[in-house]
There are 2 protein chains.
Amino acid sequence: LANPQLFDGKVLAPGKIAIIGTGLIGGSIAASFRRVFSGTWIRGYSQANDANVALQLGLLDEACITVEACVADADIVFLACPVGAMPAMFEELALHGAKFRWLTDCGSTKRSVIAAARVHLGPVFDRYLPGHPIAGSERHGPAGASAHLFVKRNWLLCPQSPAQERVAEQIAPVLEALGSQVKWVDALSHDELFAEISHFPHWMVFAACLGIAEGPHGAAAMTQSGAGLKDTTRIGASSAALWADIFIDNREPLEASLDRFDLALKQMRTLLETGDRASLTAMIDRASTWRKLVT
Amino acid sequence: LANPQLFDGKVLAPGKIAIIGTGLIGGSIAASFRRVFSGTWIRGYSQANDANVALQLGLLDEACITVEACVADADIVFLACPVGAMPAMFEELALHGAKFRWLTDCGSTKRSVIAAARVHLGPVFDRYLPGHPIAGSERHGPAGASAHLFVKRNWLLCPQSPAQERVAEQIAPVLEALGSQVKWVDALSHDELFAEISHFPHWMVFAACLGIAEGPHGAAAMTQSGAGLKDTTRIGASSAALWADIFIDNREPLEASLDRFDLALKQMRTLLETGDRASLTAMIDRASTWRKLVT
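Residues numbered from 1 in each chain as written. Chains lettered and ligands numbered in written order. Predicted model: local features only at pLDDT ≥ 70, side-chain atom pairs only at ≥ 80, totals over all residues. Heavy atoms only, no water.

S.K.: Please set out the sheet that holds strand β3 (residues 16-20) of chain B residue by residue, giving values where relevant.
M.R.: All names here are of chain B. In space, the 6 strands of this open sheet follow the order β5-β4-β3-β6-β7-β8, with parallel pairing throughout. The open sheet has two free edges, formed respectively by β5 (62-63) and β8 (128-129), since each of these has just one partner strand. Strand direction decides the pairing type here: strand β4 (residues 41-45) and β5, joined by 2 bridges, are parallel. Its bridge partner lying in β5, Gly44 is registered against Ala63. Contacting β3, β4 and β6 (76-79), helix α1 (residues 24-36) runs over the sheet at an angle of about 160° to β3. (Pairing = 2+ DSSP bridges. Helix = DSSP H or I, 4+ residues; strand = E, 2+ residues; numbered from the N terminus. Contact = heavy atoms within 4.5 Å. Axes fitted to C-alpha atoms, helices over the stretch in contact; angles between N-to-C directions.)

Rendered as structure tokens:
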């Protein structure tokens, strides 16, 4: 197997990579390799028709009909299926562990994915690297892929052992060559922070869309929404199955975020009901002050 | 007084206009007149320093220190102060009713503004036109003004009597000349629809920002938020005083929207707690399907 490494300041192209799950993220990994590493052979596998679409779009060199065929001789296997499908996929990948070199995942939650990997991967666990590219879009499927999705975005890595740290050191230059900024993070901190800044906002927006959709103004709101509501609810068009997985997977940190949100809603509501304009203004001002500092 | 009217297909420039409240909306009205009607003399009045800033920016020809001086000889008085300040302003404008021709407001709520106008304006009520330009920004103050803010945006009018309908017929061509699309709407329908598509999303986003700001991840979230959270919370940087006014002013329709949102949150939460992935996915899918149809 070819070894991706820094050589005279340049990262050598991995000879073959395998992408399990060729949706928005998997497709964008393929597109990014196409852009940066012209020599890499890219195989993809998906449960639905995504891999065929990705092949059609020129993102893949091969769309495989089995996981086994997909990972054969791969330097890096990117696991980019929804987090709910990962435990079963780890189980299958463990069977073919002799065929590929390194494995990394792109799951939006880390503790549950790592726990599943620990249970199912067996000796392959030492060649596995938990990861999370911080990039996304409300689009989905390979047709939403972008060769620049990871440029200037963080790609977080959560190695769990000295062996996995060595994998991280090998894979990091490849991810950086795709344009991303690699950072090592602790899995629990990751899950709590992303519950707050990613999972909770999606949850809130889905609930808002549901309330509007099934209320008396659902139809009018479709055509008369201004830029405010459109921007606020943009992520509400995201994939339902993908996000249901993430929510269930990272339930406890998400519930902590939701509890804080509920408390803020209740405090504001009390001031609305009593018509306490000064206190309501002061409370909103604290919210607004924070938002103005977001960079 | 000069009469703005269609003449050979062109709208004559109003001779003088007065803008009471020269913040984002008032400043943008001034900037739009500058762009379209070079002959119009534009006076502004504000309680804080906004009118001086607007004068400095070249948006106004005069910054007045009294309402009386501002509205003298005005063909149209645009009332663009926060809705909470409108009742007192109607009271003062009634005193100077002989000095100006027409009066219209830009308030985001209509029933309470109309009720205040009815109480305070006296005979000027017949020359008053309740209005609402559907345009805004998370920026505020005259420095956030734009000469194109109203272009291709709806400018809603709620005439309450045949006399006000005649005012609407006279003012509409001027508003259309600024680029807006004039529509007549019923005040109650207006307030309920905007509670849902504007006031409720602002409320929700303020509560979300508050929950994040005052939770354990407030500082990290400032620097690590992705495009999703940034877009979702963009309107959270809006003016606290302005929005507290609107919320209190349109409390009942807003509470109806909040109740529907709370119900959706609760239904989703139950499914999260029981780990009912299929039902949660189906529920989110209903939300997502609606959002994809927003145009």
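Next, the rest of the story.
S.K.: Explain the pairing of strand β6 (residues 76-79) of chain A to me, using residue names and the numbers behind them.
M.R.: Residue and element names in this part refer to chain A. Burial along β6 is two-sided: Ile76 and Phe78 and Val77 and Leu79, pointing in opposite directions, are all buried. The sheet contact formed by strand β3 (residues 16-20) and β6 spans 4 bridges and is parallel. Bridge pairing in β6 places Ile19 opposite Phe78. Taken together, the 4 bridges between β6 and strand β7 (residues 102-105) define a ladder with parallel strand orientation. Paired with Leu79 across the strands is Asp105, a residue of β7. Note on the crossover from β6 through helix α4 (residues 86-95) to β7: the handedness is right-handed. (Buried < 20%, exposed > 50% of the residue type's maximum accessible area, 1.4 Å probe, protein only. Right-handed = clockwise from strand over helix to strand, strands pointing away.)

S.K.: Mind laying out the sheet that holds strand β10 (residues 154-157) of chain A, listing which residues take part and the relevant values?
M.R.: Adjacent strands of a sheet pair through backbone hydrogen bonds, lying either parallel or antiparallel. Residue and element names in this part refer to chain A. A sheet is described by the order of its strands in space; here 3 strands give the open sequence β9-β10-β11, paired in mixed fashion. The sheet is open, and its two borders are formed by β9 (131-133) and β11 (181-184), each paired with just one other strand. Strand after strand, the sheet turns through a mean of 20° between neighbouring axes, direction not considered. Sheet analysis places β10 next to β11, joined by 4 bridges and oriented parallel. Bridging across to β11, Trp155 finds its partner in Val182. Sheet strands touched by helix α6 (residues 162-177): β10 and β11. Its angle to β11, the strand with the most contacts, is close to 160°.

S.K.: Can you explain the nonpolar core? Please cite residues and give values.
M.R.: Formed by 132 residues in total, the largest nonpolar core has its most connected members in Phe90 and Phe261 of chain A together with Phe90 and Phe261 of chain B. Leaving out residues up to four positions away in the same chain, Phe90 of chain B has contacts with Leu79, Leu103, Val113, Ala116, Ala117, His120, Leu121 and Tyr128 of chain B. (Core = buried A, V, L, I, M, F, W, Y, C linked by side-chain atoms within 4.5 Å.)

S.K.: Summarise the relation of the copies chain A and chain B; cite the residues concerned and give the values.
M.R.: Overlay of chain A on chain B (RMSD 0.0 Å): rotation 180°, translation along the axis 0.0 Å. With respect to symmetry, the two chain copies, as superposed, fit the operation of a two-fold axis. Residues of chain A ranked by C-alpha distance from the rotation axis are headed by Thr232 of chain A, positioned 1.9 Å from it. A shared interface surface links the copies, since 100% of the contact residues of chain A are contact residues in chain B too. (Least-squares fit on C-alpha atoms with pLDDT ≥ 70 in both.)

S.K.: Residues and numbers for the side chain of Ser28 of chain B, please.
M.R.: Along the chain, the position of Ser28 of chain B falls in helix α1. Leaving out residues up to four positions away in the same chain, Ser28 of chain B has contacts with Gly23, Ala145, Ser146, Leu149 and Phe150 of chain B.

S.K.: I'd like a rundown of the side chain of Ser239 of chain B, residues and numbers included.
M.R.: Along the chain, Ser239 of chain B turns up in the loop between α9 (227-233) and α10 (240-249). In this structure the side chain of Ser239 of chain B is engaged in a polar contact, spanning 3.2 Å, whose partner is the backbone nitrogen of Leu242 of chain B. (Polar contact = N/O pair within 3.5 Å; in protein donor to acceptor, adjacent residues only side chain to side chain.)

S.K.: Residue-level account of the packing of aromatic side chains, with values.
M.R.: Taken as a whole and assessed by the stated rule, the structure comprises 21 aromatic pairs over all chains. The interplanar angle of 75° and the centroid separation of 5.4 Å between the aromatic rings of Phe90 of chain B and Tyr128 of chain B together place this pair among those described as edge-to-face. Residue Phe90 of chain B is located in helix α4 (residues 86-95), and its partner Tyr128 of chain B is located in strand β8; the two are separated by 38 residues in the primary sequence. Using a relative accessible area of 0% as the deciding quantity, one classes Phe90 of chain B as buried. Three or more aromatic residues joined by ring pairs make a cluster, and in this case those are Phe33, Phe37, Phe78, Phe150 and Trp155 of chain A. Lying across the ring of Phe100 of chain A, Arg127 of chain A places its NZ or CZ 5.8 Å from the centre. (Phe/Tyr/Trp six-rings, centres within 6.5 Å; stacked < 30°, edge-to-face > 60°. Lys NZ or Arg CZ within 6 Å of the ring centre and 35° of its normal.)

S.K.: Describe the interface of chain A and chain B, listing the residues and the values that go with them.
M.R.: Often the size quoted for an interface is simply the accessible area lost on bringing the parts together. Facing 80 residues of chain A, the contacting portion of chain B comprises 80 residues. Summed over both partners, the interface of chain A with chain B comes to about 7900 Å²; 68% of that surface belongs to carbon and sulfur atoms. Seen at the junction of chain A and chain B, the total is 12 salt bridges. A salt bridge links Glu255 of chain A to Arg269 of chain B, with the shortest nitrogen-to-oxygen separation between them at 3.3 Å. Summed over the shared surface of chain A and chain B, the result is 27 residue pairs in polar contact (both at pLDDT 80 or more). Those elements that provide at least two residues to the side of chain A that touches chain B are α7 (187-213), α8 (218-224), α9 (227-233), α10 (240-249), α11 (251-274) and α12 (277-292) of chain A. The element contributing the most residues to the side of chain A that touches chain B is α7 of chain A, with 17 residues. Among the residues forming the side of chain A that touches chain B, the class breakdown is 41 nonpolar, 18 polar and 21 charged. (Buried area = accessible area lost by both parts, 1.4 Å probe. Salt bridge = Lys/Arg side-chain N within 4 Å of Asp/Glu carboxyl O. Nonpolar A, V, L, I, M, F, W, Y, C, P; charged D, E, K, R; others polar.)

Keep in mind these numbers describe shape, not what the thing actually does.
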